[in-house]
Each structure stands twice: as structure tokens, then as C-alpha cells.
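Structural description and commentary
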Amino acid sequence: MLPSYVCGQWWVPSADAGGDTATADRATTVRDASTGDPIIRVSTEGLDLAAALDYGRTVGQRSLGALTFHQRALLLKQFALALTDRKAELYEASARTGATAADSWVDIDGGIGVLFSYSSKGRRELPNAQVYVDGPVEQLSKDGSFLGRHLYSRLPGIAVQINAFNFPVWGSLEKFAPAFLAGMPTLVKPATPTGFVAEAMVRVLVESGLLPDGSLQLVSGSVPDLFDHLRLGDLVAFTGSASTALQLRRHQAVQSGGVRFTVETDSLNASVLGPDAAPGTPEFDAYVRQLVTEMTAKAGQKCTAIRRAVVPAASVDAVIEAVATRIAEKVVLGDPRAEGVTMGPLASTAQRDEVLRQVATLQAAGGEVVVGSTEQPEVLRADGSRGPAPQGAFVSPLLLRFTDVAADALHQVEAFGPVASIVGYDSLDQAGDLVSRGGGSLVTSVATHDPDVARQLLTAIGAFNGRLLFLNRDDARSSTGHGSPLPQLVHGGPGRAGGGEELGGIRAVLHHMQRTAVQGTPDLLTALTGVWHAGATVESGGVHPFRKSLAELRLGDQVLSPYREVTLEDIETFAAFTGDRFYAHMDEEAAAANPFFPGRVAHGYLLISWAAGLFVEPAPGPVLANYGLEDLRFVTPVSPGDSIRVQLTAKQITPRETDDYGEVRWDARLTNQREEVVAQYDVLTLVAKKATPSAG
């Protein structure tokens, strides 16, 4: 019996522990997709789901809440390394689902890649803290004593992640990684036909000893009363059919109980061949390669696969011929454990039968099978022999041609397998209309080398897609492909595709957090955010902040420099030295005619250079390097005879978890003798965590 991992321990139904054998009789048997041989039984009978959810909300929340974003990010990297060390086990299990080595690479290595990506992004784009600041400060009073700020804090519940059968590893990890980084515990519910692969993945993580208590649980099997146990603060991320998503969305927990519900469902994705991409062009060839890849990778069992090939009417026959040729030359259907197989079976015979039913629906609506056959195919068996495999879930790659562009089934029926339909268009307006008839998609690709074609189609179909991929001769080799969601980019789509978003970098982390508008004094907001706010308490006049290690430095530590006068000679010297002879610095009459300047003015970069000299403490010490500045703005022009000084304040202190130094962000503000702000920006430095003898 396939175990679950709940409340910190592995659990199996009572029948496997010597209890009532009726439990075993009611269990679902999972079979090898190629041979039909039984693999394992699956049941959740007797599992206390409410206790598992409460364990995540209590134990999981406590253990993750004790960590910062950076500490969680480092754990994600360690999870990825642990899975990498035991990939062979996962590949072996994956082959039993019908996945080829290439399919398993997308699922397993792709999932591991998501962990690495979020580990990196968490350390680069999030603070080493537990809240995330969103947007600029809002000044709510004239004197600066009352401010507003938007903050993200983690949701207090549990993230329930319901996954589809096609990607048992990637599908779990692409949801788990951002939830974990946000500090929200996860309960994974994989689809039954391939849940044994997800169980193997979770087992590796559990046995690594790296998981914080309660941060990850696994339920292997059905959860019919799941939503009855959910409450405000919980989140559900669902991947599956649109019909199931609609049922779940109607539950009271979602409708009025405040449970967040994110959906990614099936969609009739399209790929458009531009009118310029005629046979013989690189774009035509790239289009055909991509179409065949999307029909056959994972045996077409991808929510991002191409279902509708939208091509110029004059090119339909050429595309059909090219697809047929490529499939004949490149695709070997069979058991993934046989050498040379490039496309395996569907995940189960039930899935095979459902795909063939949907193909029959497409045929009844006018679709003509022009590549492949719906008959039982001959396949390459694991022992190297060829022949039919009636117990396997095999379906040949199928391309159907539609002459009726308005056929409802073409735009509404998805055969979730190695199946695509081809339809011709007469104008770009019609091509855009055909794409939009899908009712909302995860992705559409366009093969064109004409920017005008790309612009017109973007305008027509952008609002109907979560992602658009433009394919041409310049990116065909480097393109990650129509059907490959990336951690950096949003995965989701409007309408039929579910209306949700996953991935997209830090956006996905924020889905697991609550944005709250916080109002208060500069001192209070400094304490809450870990970011110094203008008007908050400062400490100046003592030890220069550049003489303080990270352990000694405090928010608000400040340097206020003396004034330095700007002369015309300074301006001309800087112009001669740098070659920057812009007229505003060199020509009094022309500068005075400019609405922004009173006459000749100092170079902004001269002032920034001087500011560094005014605030720096030059002797060796804890400050190791200046590695940039951000958000530079020149506010008030500086004329010859004006004086400037700089106020430098420790704004944000970010220790690095794996290094003996950290990052300090300094608020730099230049003012003139009239106390007008001349320029403002953030200075970034690397600072040692501890003082060294030479810095004493």
C-alpha cells in the first residue's frame, strides 16, 4: 500500500498493518503504463486529514516561522542537492508511468531546477527577514511624522497542493518551492496514477533530515472531504481539469470561508504559423519541429501542449506533410525501458480510453485524421520485440485536419494525449480570432520573423494567454520551447486555463502572503520593516559607521559631512577630465535657455563623486567594497558658488547566511546650503560580519 507522510510520520491504511482486509479491497490498484502489471495499491481510508492540516498550521508554521527568507532559500538548495543525489531512483519509478528518459528529465530535473531557481531568487531578491516591503513609502503627513507602507507577511494556514498526474515531481515542487520560501507549510496531494513517484520524491526529502518539522506532508489517495476542513488563512493550489476546478471553486470554504484558491487547468493552446513563414524558411522548419515535440513529449500529456495548429490556408498541406515525415523519422513508440523509444504510453489505460473518446468527438465534429491512426499501435516492447501491447496505454501521435474553422469541438474539446488539430486561416485577424476561440490558454506560440506580424498578433491574442512565445530563426536554437513553463515567468492563463498564476519568480512567493497597509511613525515602520525611514531616530557624531562591523552597525547610524563649495573651475576641470562637455555645464547662454537650469550647472556625477569623498572613511576596516548605487535622482541643479554636503544613513542591513560578510544599503542624500535636496540615492556596500584587528 502506498504510504502517506502526515503528522511527522509515515502512515498506511489499517489493512496493511494487519487490520480490516476490506480496506485493501476498496483500494485503487495502480498499474505499469506500458505492461499493465500492478505496481501498488492506494487508499486513504482511516487517515485523519483534519489532524494533518492542523499539524501543518501549528508545527509547520512554528518551524518555518523561525526562519528568514534566506534561511529557507538555503534549505531549498539543500533539498535540490539531496534529490540530485538520488535521481536514479526517481527515474526508475518515472519509467513505470510511461515517461521516457527525456520526459523524466523534464519532470525530475525540471522540478529540481525549480528548487535551485527559488533558492537563488530568494537570496537575491528577498531580504534576510520575515516580511517583504512592497512599493515606496507613502507620506501621510506634511511633517513626515506619519507614514504608510505596504508589507507582505506569510499566511497563517497551510498550502494544500493538488497536482495532476502528468508531472508528479515538477508539479509538486513548482508549488512547494514558493510556498516554502514564503514560510507556509505544504500538504501535497498527488494524482493517484503517478502518486508513487511523488511519494518517492517526498521520501528522499524526509530521509535527508533537512525538512523543518511540519513543513511538508503527503497524502497518497483521495481526499473527498478536504475542503470541509479548510479555513481562512489556508490556500489551495489546484492543477487538473476545468470541470473539477469549477466544482471545488463552488465550495463554501472558497465562496465565503476566505480560503485562497489558485487554479491551473486544461487549455486548448495554439501555435500560429506566420504568413511570412512559408515552406523552406527557418520559421516553417522550427514550427514543425516544435509542433511534433509538443505532440509527443510526455505522450502529449502536458497542460501546455499544442492542441491547435493555426497556419495560413495555403500552407496546411505542407505542414501536414512535414509533420508526418518528422513523426515517421523521429518518433519510436514503445516501453520507455526499451532502447531507442522516444515516446511512451499514456499514464493509464483509463487515460488512453478517454483520449480516444475525445478524438472520436473531434472526428464527429468534422476532424479528419491526416497523420496517425486510432487503431491499436505496434510498439517496441521492453524485451526489444515489436507488436501490439493491449494492456499498455499506447496511442499513436494523431493530427486531425479541420476545414470548418468555426467547429465548436475544435476550440472546446481537448484530447489530453499525443493529439493536435490543424486549421487554416486567411488573414491575421482570423488567426487571432481562432486563437481567442479557445476561451483562454496557458500559452500560444507564433512562428514569424516579421515584427509587424508579431505586434498584430500580440494585440489580438495577448489578453487570452498567460504566456506568448515568439519563435524565429534567431531564437529557435535557444528557445526553451512552447510547452516549458519556467520558474522566472508566470505559469497560468485566463478563462478556461483557470485564471490563476503560478511561478513567475517572487510573484509566486507573494501568493502565499498577505499584503497589508501599515501606518505609523518612521520609528515604528523602521522597527517593523528592518528598513530605516527618513524621520526615524539616527545616531551620528560618534564612531564612523564605516568603522563598524555588521554585528556593531545599527539602522540609523549616520554620517553628516561638512559642506564643500562648487566652483566654475571644478566644473571645467571635471568636463576636461571626463570629456563630458554637455552644454548645460559649459555654455552659460544655452544652459540658461534650458527650462531646467538657471545657467551653467555642475555635473551630477561630479556631485556624486564628491559625496563619496565626503562620507567615506578611507582606512581599511569592516567595509570591504562598494558594489553599486540604486535609485539615483538629481533633484535640484547646483550652480557655481553653491555648496553641498551629504547625509549617509544605514538603511538596511542584510547578513549573508553562507559568508563572513553581508550587504548594507545606505540612504544617501545631498543637500545644498539652502537645505534643498540636490540628489538622493542608495549606496550598496559589502561589510564584514565581525571586526578585524586592523579595523580596530
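Residues numbered from 1 in each chain as written. Predicted model: local features only at pLDDT ≥ 70, side-chain atom pairs only at ≥ 80, totals over all residues. Heavy atoms only, no water.

1. Focus: the overall build of the protein
Broken down by element type, the protein carries 21 helices and 30 strands. C-alpha atoms of the protein, sized along the principal axes, occupy 90 × 65 × 50 Å. Each of the 696 residues in the protein was classed as buried or not, and the buried ones make up 54%. Long-range contacts, defined as pairs at least 24 residues apart, comprise 74% of the intrachain contacts of the protein with a sequence gap of at least 6. For the protein, the exposed area adds up to about 28800 Å²; of that, 51% sits on carbon and sulfur atoms. Once the 59 positive and 78 negative side-chain charges of the protein are each reduced to a mean point, those two points are 3 Å apart. (Helix = DSSP H or I, 4+ residues; strand = E, 2+ residues; numbered from the N terminus. Buried < 20%, exposed > 50% of the residue type's maximum accessible area, 1.4 Å probe, protein only. Contact = heavy atoms within 4.5 Å. Areas by Shrake-Rupley, 256 points an atom, 1.4 Å probe, with all protein chains shown as cover. Lys, Arg positive; Asp, Glu negative; His and termini not counted. Charge placed at Lys NZ, Arg CZ, Asp CG, Glu CD.)

2. Quick word on the nonpolar core
Membership of the largest hydrophobic core comes to 56 residues, with the highest contact counts inside it found for L291, V319 and V323. Ranked by the residues each element gives to this core, the list is headed by helix α10 (residues 282–296), at six residues. When near neighbours in sequence (up to four residues on either side) are disregarded, V319 contacts L273, F284, Y287, L291, V311 and I422. Membership of the second largest hydrophobic core comes to 50 residues, among which are V30, L90, M201 and V206. (Core = buried A, V, L, I, M, F, W, Y, C linked by side-chain atoms within 4.5 Å.)

3. A word on the environment of C7
Looking at where C7 falls in the secondary structure, it is placed in the loop between β1 (4–6) and β2 (9–11). Placed 225 residues apart in sequence, C7 and L232 show a C-alpha to C-alpha distance of 21 Å.

4. Points about the sheet that holds strand β23 (residues 513–520)
As summarised here, the arrangement of the three strands in space is β5-β6-β23, forming an open sheet in which the pairing is antiparallel. Each edge of the sheet is formed by a strand with only one pairing partner; in this case those strands are β5 (132–139) and β23. With direction set aside, neighbouring strand axes in the sheet form an average angle of 20°. Direction of pairing for β5 relative to strand β6 (residues 147–154): antiparallel, over a ladder of five bridges. Across the sheet, the residue bridging to E138 is G148, located in β6. (Pairing = 2+ DSSP bridges. Axes fitted to C-alpha atoms, helices over the stretch in contact; angles between N-to-C directions.)

5. Re the packing of helix α3 (residues 69–85) against helix α7 (residues 195–208)
Following both chains from N to C, one finds α3 and α7 inclined at 115°, their axes separated by 9 Å at the closest point. When you trace α3 past α7, the crossing you get is right-handed. Taking contact as the criterion, the partners of F79, A82 and L83 in α3 are, on α7, M201, V204, L205 and S208. Per-class residue counts for the contact of α3 with α7 are six nonpolar, one polar and no charged. (Left-handed = near helix turned anticlockwise from the far one by under 90°. Nonpolar A, V, L, I, M, F, W, Y, C, P; charged D, E, K, R; others polar.)

6. Digging into helix α17 (residues 522–529)
Looking at α17, one finds that the buried residues are P522, L525, T526 and T529. With its buried residues spanning 105° around the axis, α17 presents them on a single face. The elements touched by buried residues of α17 are β5, β6 and β23. (Arc of directions from axis to C-beta.)

7. Concerning the packing of aromatic side chains
Evaluation of the coordinates by the stated rule reveals 13 aromatic pairs. Judged by centre distance (5.2 Å) and plane angle (55°), the ring pair of F546 and W666 falls under tilted. Of this pair, F546 sits in the loop between β24 (539–540) and β25 (557–560) while W666 sits in strand β29 (residues 661–672); the two residues are 120 residues apart in sequence, bridging distant segments of the chain. Per residue, the accessibility class of F546 equals that of W666, and both read buried. Ring centres 5.7 Å apart and planes at 90° place the aromatic pair Y605 and F634 in the edge-to-face group. Taken together, the residues span a long stretch of sequence, with Y605 in helix α21 (residues 604–615) and F634 in strand β27 (residues 623–634) at a distance of 29 residues. Judged by its relative accessible area of 52%, Y605 is exposed. Members of the aromatic cluster, joined through ring pairs, are F79, F176 and F180. One Lys or Arg, R203, reaches over the ring of W10 and ends 4.0 Å from the middle of that ring. The ring of F167 has K298 lying over it, and the distance from NZ or CZ to the ring centre is 5.0 Å. (Phe/Tyr/Trp six-rings, centres within 6.5 Å; stacked < 30°, edge-to-face > 60°. Lys NZ or Arg CZ within 6 Å of the ring centre and 35° of its normal.)

8. A closer look at the environment of L632
When you line up the elements, L632 lands in strand β27. When near neighbours in sequence (up to four residues on either side) are disregarded, L632 contacts Y605, I608, Q680 and Y681.

9. Observations concerning unusual backbone geometry
Of note in the backbone geometry, C7 takes a positive phi value of approximately 55° without being a glycine. For C7, a relative accessible area of 29% puts it in the partly exposed group.

10. Some thoughts on the sheet that holds strand β12 (residues 270–273)
What the seven strands build is an open sheet, ordered β14-β17-β18-β13-β12-β19-β20; its pairing is mixed. Sheet topology places β14 (368–371) and β20 (465–471) at the edges, where each strand pairs with a single neighbour. Pairwise comparison of adjacent strand axes, ignoring direction, gives a mean angle of 25° for this sheet. With five bridges connecting them, strand β13 (residues 308–312) and strand β18 (residues 419–425) associate as parallel partners. The residue bridging R308 from the neighbouring strand is S421, located in β18. Each of β12, β19 (441–447) and β20 touches helix α15 (residues 451–461); the most contacted strand, β20, lies at about 170° to it.

11. Examining the side chain of R149
Mapped onto the secondary structure, R149 falls in strand β6. With no salt bridge to any partner, buried R149 finds its closest opposite charge in E138, at an N-O distance of 7.9 Å. Within the structure, R149 has its side chain in polar contact with the backbone oxygen of G135 (distance 3.1 Å). Those residues in contact with R149, other than ones at most four positions away along the chain, are V133, G135, P136, V137, T516, A517, V518, L525 and H533. (Salt bridge = Lys/Arg side-chain N within 4 Å of Asp/Glu carboxyl O. Polar contact = N/O pair within 3.5 Å; in protein donor to acceptor, adjacent residues only side chain to side chain.)

12. Quick notes on the side chain of D32
Turning to its location among the elements, D32 is positioned in the loop between β3 (28–31) and β4 (38–42). A relative accessible area of 3% means that D32 is categorised as buried. In this structure, D32 is in contact with D37, I39, R96 and R337, ignoring residues within four places of it in sequence.

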